Amino acid sequence: QVQLIESGGGSVQAGGSLRLSCAISGRTFVRATMGWFRQAPGKEREFVAAMMWSGGDTYYADFVKGRFTISRDKAKNTVYLQMNSLKPEDTAVYYCGTSNGDLYQFSALYNYWGQGTQVTVSS
């Protein structure tokens, strides 16, 4: 069984920063790709960032490039999402997920998800 536990969400003003964490436990082969997605009320879950667990390659949605950074600590089995220059439109529930494939941008291909953490950015 694989468990993902997110933390680090909260409320900030526009321009502020937050760092989300995703602690992973369980089978390692399912974590070829680690991804962060978000879902705002009334909207579909959308891709934010992803990292290949082994090689460390990173990928970002255009709307977060230059503002968000995904990273990992292998020793702690944890993935992070550093979010800077936050905007009100970044308000959403953020989810981390794992996939045993490399098509990182498709949420349907992720096998396991965390419970989500709320990020609220006020103007």
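Located above this text is the structure these notes cover.
A brief report on the enclosed structure follows.

This part takes up the environment of Tyr 95. Position of Tyr 95 among the secondary structure elements: in strand S9 (residues 92–99). For the pair Tyr 95 and Ser 7, spaced 88 residues apart in sequence, the C-alpha separation works out to 9.9 Å. Ignoring anything within four residues of it in the chain, the contact list for Tyr 95 reads Glu 6, Gly 35, Trp 36, Phe 37, Gln 39, Arg 45, Trp 113, Gly 114, Gln 115 and Gly 116.

Applying the stated rule across the entire model yields six aromatic pairs. Ring geometry for Phe 37 and Phe 47: centres 5.7 Å apart, planes at 70 degrees, overall edge-to-face. Placement of Phe 37 in strand S4 (residues 33–39) and of Phe 47 in strand S5 (residues 46–52) is noted, with a sequence separation of 10 residues between them. Owing to a relative accessible area of 12%, Phe 47 belongs among the buried residues under this scheme. Ring geometry for Phe 47 versus Tyr 104: centroids 5.3 Å apart, planes at 50 degrees, classification tilted. One end of the pair, Phe 47, is in strand S5; the other, Tyr 104, is in the loop between S9 and strand S10 (112–113), and 57 residues separate them in sequence. The structure contains a cluster of three or more aromatic residues connected by ring pairs, namely Phe 37, Phe 47, Tyr 59, Tyr 104, Tyr 110 and Trp 113. The aromatic ring of Tyr 95 is capped on one face by Arg 45, whose charged end is 3.7 Å from the ring centroid. The cationic tip of Arg 45 hangs over the ring face of Trp 113; the distance from NZ or CZ to the ring centre is 4.6 Å.

Structurally, Arg 27 is set in the loop between strand S3 (18–25) and S4. In this structure Arg 27 touches Gln 1, Val 2 and Tyr 112, once residues within four positions along its chain are discounted.

What follows covers the pattern of salt bridges. Under the defined criterion, the tally for this structure stands at four salt bridges. The residue Asp 62 makes a salt bridge to Lys 65 at a minimum N-O spacing of 3.2 Å. Each member of the pair Asp 62 and Lys 65 is classed as exposed. If you follow the salt bridges from partner to partner, you end up with Arg 38, Glu 46, Arg 67 and Asp 90 in one network.

Rules of the game
- Within any chain, residue numbers begin from 1 and follow the written order of that chain's sequence.
- Local features in this predicted model are restricted to residues whose pLDDT is 70 or higher, and side-chain atom pairs enter the listing and the counts only when it is 80 or higher, whereas totals over whole chains, interfaces and linings include all residues.
- Processing note: side-chain calculations cover all non-hydrogen atoms of the structure and skip hydrogens and water entirely.
- Only DSSP runs of H or I with at least four residues qualify as helices, and only runs of E with at least two residues qualify as strands; both kinds are numbered from the N terminus onward.
- We call two residues in contact whenever any of their non-hydrogen atoms come within 4.5 Å of each other.
- When the centres of two rings from Phe, Tyr and Trp lie within 6.5 Å, Trp using its six-membered ring, the rings pair. Their planes under 30 degrees apart give stacked, over 60 give edge-to-face, and anything left gives tilted.
- Using a 1.4 Å probe on the protein chains alone, a residue whose accessible area is under 20% of its type maximum counts as buried, one over 50% counts as exposed, and one in between counts as partly exposed.
- Whether a charge sits over a ring depends on NZ of Lys or CZ of Arg being within 6 Å of the ring centre and within 35 degrees of the ring normal.
- We define a salt bridge as a side-chain nitrogen of Lys or Arg found within 4 Å of a carboxyl oxygen belonging to Asp or Glu.

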